[in-house]
Amino acid sequence: MQVFEGSSSLSKSKKAVAEAIHDWPGKSVFSPDIVLAFHSTAQNSNEIASELVKHFPDALSIGCTTAGEWTSCSYQNGSVVLLAIASDKIRWTHRVVQSLADFSEHNAHDVFNQLLKGMQIDRSDLRTDRQVCIGLIDGIAGGDGRAVAAMASQLGNV
């Protein structure tokens, strides 16, 4: 497994992404499966996403805004933190929930089934030592507690 991390406190999204990945190996050496982006509201989410797709077209890019950004070495504020992972032993999938306003256990059931289908895993084959679910939820929008509870009811011990 290869993991690379980078950060930038630049507010211009394009320049921030370029600075954060500056020390990463080139595409011929490192092609991430997933890039996670955590950034302050000083940067533009759509521009960050666009830059990630441009630099890593074959990677799943996911992320969210934060109220502070953690790196492996420090806590930052007003920055972009990127984490990229490449591994032939890890599979990724994702789902986007557009609105948490009416998110329910029924919605969570549908999302969970879509995730299982995307991973080609049967519910009966889930193992807590092999699967993990990461949820990135905008807490400002409200409903995050209800969404987490609904997903937890589906995930069991995952």
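Quick look at the structure, then. The shown structure was predicted, so the numbers you read here are calculated from the model rather than taken from an experiment.

Cut-off values and rules
- Residues numbered from 1 in each chain as written.
- Predicted model: local features only at pLDDT ≥ 70, side-chain atom pairs only at ≥ 80, totals over all residues.
- Heavy atoms only, no water.
- Helix = DSSP H or I, 4+ residues; strand = E, 2+ residues; numbered from the N terminus.
- Expected span 1.5 Å × (residues − 1).
- Buried < 20%, exposed > 50% of the residue type's maximum accessible area, 1.4 Å probe, protein only.
- Arc of directions from axis to C-beta.
- Contact = heavy atoms within 4.5 Å.
- Pairing = 2+ DSSP bridges.
- Axes fitted to C-alpha atoms, helices over the stretch in contact; angles between N-to-C directions.
- Parallel < 35°, antiparallel > 145°, perpendicular 65-115°, else oblique.
- Left-handed = near helix turned anticlockwise from the far one by under 90°.

For helix H4 (residues 144-155), built from 12 residues, the straight-helix expectation of 16 Å at 1.5 Å per residue is met to within 8% by its first-to-last C-alpha distance of 16 Å. Burial in H4 covers these residues: Ala147, Ala150, Met151, Gln154 and Leu155. Each buried residue of H4 lies within a common arc of 135° when the element is viewed along its axis, so the set occupies one face. Of the surrounding secondary structure, the elements contacted by the buried residues of H4 are helix H3 (105-119). Positive backbone phi, at 65°, marks glycine 156, one or two positions downstream of H4.

Below, the discussion takes up the environment of aspartate 138. Structurally, the position occupied by aspartate 138 is in the loop between H3 and H4. Aspartate 138 sits in the partly exposed class, given a relative accessible area of 43%. Once residues within four sequence positions are removed from consideration, aspartate 138 is found in contact with Leu100 and Asp144.

Next up on the list: the pairing of strand E3 (residues 60-65). Pairing of strand E2 (residues 34-39) with E3 involves 6 bridges; the strand directions are parallel. Counterpart to leucine 36 in the pairing with E3 is isoleucine 62.

What follows is about the packing of helix H1 (residues 13-20) against helix H2 (residues 45-55). Packing of H1 against H2 brings their axes to within 9 Å, and their N-to-C directions diverge by 45°. It follows from the interaxial angle that H1 and H2 lie oblique. By crossing handedness, the relation of H1 to H2 is classed as right-handed. Contacts between H1 and H2 pair Ser13, Lys14 and Val17 from the former with Glu47, Ile48, Glu51, Leu52, Lys54 and His55 from the latter.

Our next topic: the sheet that holds strand E1 (residues 2-8). On the basis of which strands lie adjacent, the open sheet formed by 4 strands has the order E1-E6-E2-E3 and mixed pairing. The strands lining the two open edges of the sheet, one partner per strand, are E1 and E3. With direction set aside, neighbouring strand axes in the sheet form an average angle of 15°. Where E1 and strand E6 (residues 80-86) come together, 7 bridges link them in antiparallel fashion. Its bridge partner lying in E6, glutamate 5 is registered against leucine 83. Seen against the sheet, H1 touches E1 and E6 and runs at an angle of roughly 135° to E1.

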